[in-house]
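Here is how the chains run, residue by residue.
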Amino acid sequence: CAMSRRLACGDVEGRLDTIFGRVRAIQAKSGRFDMLLCVGNFFGSSSEAEWAEYRTGAKKAPIPTYVLGANNQDTLSYFPDVSGCELAENITYLGRRGVFSGCSGLHIAYLSGTEAQEQPAPAHSFSAKDVAELKTSLLSTPNFRGVDILLTSPWPRDVGTFANSAGEIDTKKCGSKLVSDLAASLKPRYHFAALEKAYYERLPYRNHTVLQETPQHVTRFIALADVGNTSKKKYLYAFSIVPMSSMEPAELVKQPQDVTENPYRKLRKEAARAKAEEEPACQFFFDLNKHQGKKRPSDGKQGGDSQPKQAKKPPQPTGPCWFCLASPEVEKHLVVSIGTHCYLALAKGGLLPDHVLILPIGHYQSVVDLSSEVLEEVTKYKAALKEFFRSKGKRYVLFERNYRSQHLQLQVIPVPLDLCTSEDIKESFITQAQEQQIELLEIPEHSDITQVAQPGMPYFYVELDTGEKLFHRIRGRFPLQFGRAVLASAAVLALPERADWRQCAAPRPEEAAQARTFRRDFQPFDFSLRD
């Protein structure tokens, strides 16, 4: 059976005999548990004598025990290897941050230490960079829905919002904002924390916005008190859990009666706007690391219909947008042509030096949202690029991903004519889509995307220079690098080392030189210079 029985405990503070005695008593009464997860301070200032008996093997933990690292300078010496190690038989230090997957299939994310108050972060603290790297490592995995368990020592700031009272703990002041950000992104089914010497089982909260997003599983946050505390506050929590990966989706997303709104809703909105910082997939022509960006998710609130739109002002972005040409965030040195409604810019970290983006000057989220005159100019740019690339012995492939992006980017990648046919490219997209359970459908000839997609609908779209079009309606998760990965694969460009744009970003002078070359070569085909 995929069901596993776990125990979680709060600050042990070196009281090893107390915690392991309690575990033995529970097992004698209720049967065996698979593991003990310890958050907070595992060691205390006077742990040495008791710990020596376990370290030397004179005593042994009754079940596999996994602990987080030091939260202060005094206990650092107990953790010889920063990346995780066995401390004694049956007692393992997980490491600074990461994901632990046991044979049960459970995904347990963990972050050791407390939030750094200074830079560089001391060894017993974590920084925003640690949290960002942990998030990226998980969010970039295909079909990521969340983790089963999250272990942190500090509470997440604001966890008590929309919830039952946390007693004497003021959740607006206590805990870490970075932990809140992590919990909001990783969507754990259980989140354990400690350090406050208090027990608090929060009502379960949602991980989706009702009526706007597909229902997702709920999160249960549980803070545990210190082991053996004299106030008899709960410090050990028993629970049974089936890995998310083994559950039917309908079972997983069941909402309990007492579910509340997400306490990090405001944070989630900010994070959604800033998604660009975590997107390993699209080829931006700006430097992601320069910004605390704002990014709006495709949330279906655009409204409207699929009829051709009359001239109207595009919606305004909710925060800084790196693609609106008027925005100070745009790296102007990569812009190679400016029309009336659209412009061209080289992609930052492009798959090839002449990998280019067609972008609307105004703020539109997708092709489906474009007004008729903007759409007309997009079509003119496509025709000009087709002619331009043909003059260089290449055919273009164009794709758009309207998912986790806020401003339309049409990626245009040239493929040498002698490398493969349009049919080969189409076959590669369909084959690799099938391998990832992505339904990529051909749009009938003389039809276009506005007939199959509504404004606000997430989708992925490919267009070949033959006019053939492929379309996938995104209903859940979608691999952000899919379009680029197909073109980088052996079947097309055979550039697997360039599949990730982050590995391909060139120094600014080199980018500027590439843009000058493109601008010069494209000039005879650039209608914007004649209109």
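Along every chain, residues carry numbers that run from 1 in the direction the sequence is written. It should be noted that, the model being predicted, local features are given only for residues of pLDDT at least 70 and side-chain atom pairs only at 80 or more, the latter also being counted only at that level, while totals for whole chains, interfaces and linings use all residues. Where side-chain values are given, they derive from all heavy atoms of the structure, hydrogens and water being excluded.

Caption draft 1: Up close: the nonpolar core. Formed by 35 residues in total, the largest nonpolar core has its most connected members in V356, I358, L385, F518 and F522. Under the scheme used here, helices are H or I runs from DSSP no shorter than 4 residues and strands are E runs no shorter than 2 residues, and both carry numbers assigned from the N terminus. At seven residues, helix α7 (residues 372-391) tops the list of elements feeding residues into this core. Should any heavy atoms of two residues lie within 4.5 Å, those residues are counted as being in contact. Every residue in contact with I358, bar those within four places of it in the chain, is listed here: Y343, L344, V378, Y381, K382, L385, L398, L408, Q409, L410 and V412. Judged by nonpolar contacts, the second largest core, of 30 residues, contains F42, V67, F79 and I91. Residue types Ala, Val, Leu, Ile, Met, Phe, Trp, Tyr and Cys, when buried and joined through side-chain atoms within 4.5 Å, form a set referred to as a nonpolar core. Remark: exposure states derive from per-residue accessible area (1.4 Å probe, protein chains only) relative to the maximum for the residue type, with buried under 20%, exposed over 50%, and partly exposed in between.

Caption draft 2: Molecular detail of the packing of helix α1 (residues 16-30) against helix α2 (residues 48-55). The axes used here are C-alpha line fits, helices contributing only the stretch in contact, and every angle between their N-to-C directions lies in the interval 0 to 180 degrees. Contact geometry of α1 with α2 gives a least axis separation of 9 Å together with a crossing angle of 55°. The angle between the axes of α1 and α2 places the two elements in the oblique class. For the pair α1 and α2, the contacting residues are L16, D17 and F20 in the first and E50, W51 and Y54 in the second. Throughout, the ten residues Ala, Val, Leu, Ile, Met, Phe, Trp, Tyr, Cys and Pro are labelled nonpolar, Asp, Glu, Lys and Arg are labelled charged, and all others, Gly among them, are labelled polar. A class-by-class count of the residues in the contact of α1 with α2 yields four nonpolar, no polar and two charged. Each angle gets one of four labels, with under 35 degrees taken as roughly parallel, over 145 as roughly antiparallel, 65 to 115 as roughly perpendicular, and the rest as oblique.

Caption draft 3: Spotlight on the pairing of strand β4 (residues 85-88). Two strands pair when backbone bridges link them, and β4 and strand β5 (residues 91-93) are joined in this way by three bridges, in the antiparallel orientation. Residue E86 lies in a different strand from β5, and its bridge partner there is T92. DSSP bridges decide pairing: two strands pair if at least two such bridges lie between them.

Caption draft 4: Molecular detail of the pattern of salt bridges. What counts as a salt bridge is simple: a side-chain nitrogen of Lys or Arg found within 4 Å of a carboxyl oxygen of Asp or Glu. Taken as a whole, this structure holds 23 salt bridges when the rule is applied. A salt bridge links E89 to K60; the nearest nitrogen and oxygen atoms lie 3.3 Å apart. Here E89 is found in the loop between β4 and β5, whereas its partner K60 is found in the loop between α2 and β3 (65-67), with 29 residues between them in sequence. A salt bridge links D130 to R97; the nearest nitrogen and oxygen atoms lie 2.4 Å apart. Of this pair, D130 sits in helix α3 (residues 128-139) while R97 sits in strand β6 (residues 97-101), and the two are 33 residues apart along the sequence.

Caption draft 5: Representation of the environment of Q514. Structurally, the position occupied by Q514 is in helix α10 (residues 508-522). We classify Q514 as partly exposed; its relative accessible area is 28%. Here the alpha-carbon distance between Q514 and L346, two residues 168 residues apart in the chain, equals 8.3 Å. Ignoring anything within four residues of it in the chain, the contact list for Q514 reads L346 and P353.

Caption draft 6: Molecular detail of the pairing of strand β17 (residues 356-360). Burial of β17 is extensive: five of the five residues sit out of reach of the surface. Going residue by residue along β17, you find V356, I358 and P360 tucked away on one face and L357 and L359 tucked away on the opposite face as well.

Caption draft 7: Region of the structure containing empty space enclosed by the protein. Buried and open spaces are told apart on a 1 Å grid over the protein atoms alone, a cavity being a set of points where a 1.4 Å probe fits but cannot get out and a pocket being an open set with protein on both sides within 12 Å along at least five of seven lines. Residues with an atom within 4 Å of a point are the lining residues. Grid points are joined across faces, edges and corners, and a volume is the space filled by probe spheres set on the points. Evaluated as defined, the whole model comprises two cavities of 30 Å³ or more. Every residue along the wall of the second largest cavity is listed here: G40, N41, F42, F43, L68, G69, A70, N71, T75 and F79. Across the lining of the second largest cavity, the residue classes tally to five nonpolar, five polar and no charged.

Caption draft 8: Focus on the sheet that holds strand β21 (residues 459-464). The eight strands are arranged β15-β16-β17-β19-β18-β21-β22-β20 in an open sheet whose pairing can be described as antiparallel. In this open sheet, the two strands that pair with only one neighbour each are β15 (335-338) and β20 (441-443). On average, adjacent strands in this sheet sit at an angle of 25° to one another, irrespective of strand direction. In this structure, β21 lies alongside strand β22 (residues 469-473), joined through five bridges in antiparallel fashion. Bridge pairing links Y459 to R473 in β22.

Caption draft 9: Up close: α10. In a regular helix each residue adds 1.5 Å, so 15 residues correspond to 21 Å; α10 covers 21 Å between its end C-alpha atoms and thus fits that length. At its buried positions, α10 is contacted by β15, β16 (342-346), β17 and α7. How far a helix is expected to stretch is found by multiplying one less than its residue total by 1.5 Å.

Caption draft 10: Broad picture of the packing of aromatic side chains. Note on aromatic pairs: the rings of Phe, Tyr and Trp (six-membered ring only in Trp) are paired at centre separations within 6.5 Å, and the planes decide the class, stacked below 30 degrees, edge-to-face beyond 60, tilted for the rest. Across all of its chains, the model carries 30 aromatic pairs by this definition. Look at F388 and F518: their rings are 5.2 Å apart centre to centre, the planes differ by 70°, and that puts the pair in the edge-to-face class. Of this pair, F388 sits in helix α7 while F518 sits in helix α10, and the two are 130 residues apart along the sequence. Geometrically, the ring pair formed by Y403 and F478 is edge-to-face, given 6.4 Å between the ring centres and 80° between the ring planes. With a gap of 75 residues between them, Y403 in the loop between β18 (394-402) and β19 (410-416) and F478 in the loop between β22 and α9 (482-488) connect regions that are remote in the sequence. Here F478 falls in the buried class, since its relative accessible area comes to 5%. Each member of the aromatic cluster is reached from another via a ring pair, and the members are F42, F43, W51, Y78, F79 and Y93. For R5, the ring lying beneath its charged end belongs to F33, and the centroid distance is 4.1 Å. Only when the NZ of Lys or the CZ of Arg is both within 6 Å of the ring centre and within 35 degrees of the ring normal is a charge said to sit over the ring.

Caption draft 11: Local environment of the sheet that holds strand β12 (residues 200-201). As summarised here, the arrangement of the six strands in space is β6-β7-β10-β11-β13-β12, forming an open sheet in which the pairing is mixed. Of all the strands in the sheet, just β6 and β12 have a single pairing partner and so form its edges. Strand direction decides the pairing type here: strand β11 (residues 190-193) and strand β13 (residues 220-223), joined by four bridges, are parallel. Bridge pairing links A193 to A223 in β13. On top of the sheet, α3 reaches β6 and β7 (107-111); it is set at about 35° to β6, its chief contact.

Caption draft 12: Looking closely at helix α8 (residues 422-435). Between its first and last C-alpha atoms α8 spans 20 Å; for 14 residues at 1.5 Å apiece the expected length is 20 Å, and the two agree. Where α8 is concerned, the buried positions are S422, I425, K426, S428, F429, Q432 and A433. Down the axis of α8, the sector holding all buried residues measures 155°, keeping them to one side. Exposed positions of α8 whose direction lies more than 90 degrees from the buried face are Q434 and E435. The directions from the helix axis to the C-beta atoms are what the arc is built from.

Caption draft 13: Structural view of the confidence of the model for the protein. On average, residues of the protein carry a pLDDT of 86, and 89% of them reach 70 or more. The model gives residues 276-311 a pLDDT under 50, and that stretch makes 125 contacts with residues more than four places away or in other chains. Each residue carries a pLDDT value, the predictor's own confidence for that position, ranging from 0 to 100.

Caption draft 14: Representation of unusual backbone geometry within the structure. Cis geometry is adopted by the peptide bond preceding P120, which originates at Q119 and carries an omega value of -5°. Position of P120 among the secondary structure elements: in the loop between β8 (114-115) and β9 (125-126). Even without glycine at this site, N90 takes up a positive phi of about 75°. As for its position among the elements, N90 is in the loop between β4 and β5. Of note, K232 is a non-glycine position whose phi angle comes to about 60°, a positive value. Inspection of the secondary structure puts K232 in the loop between β13 and β14 (236-241). With a relative accessible area of 76%, K232 lands in the exposed category.

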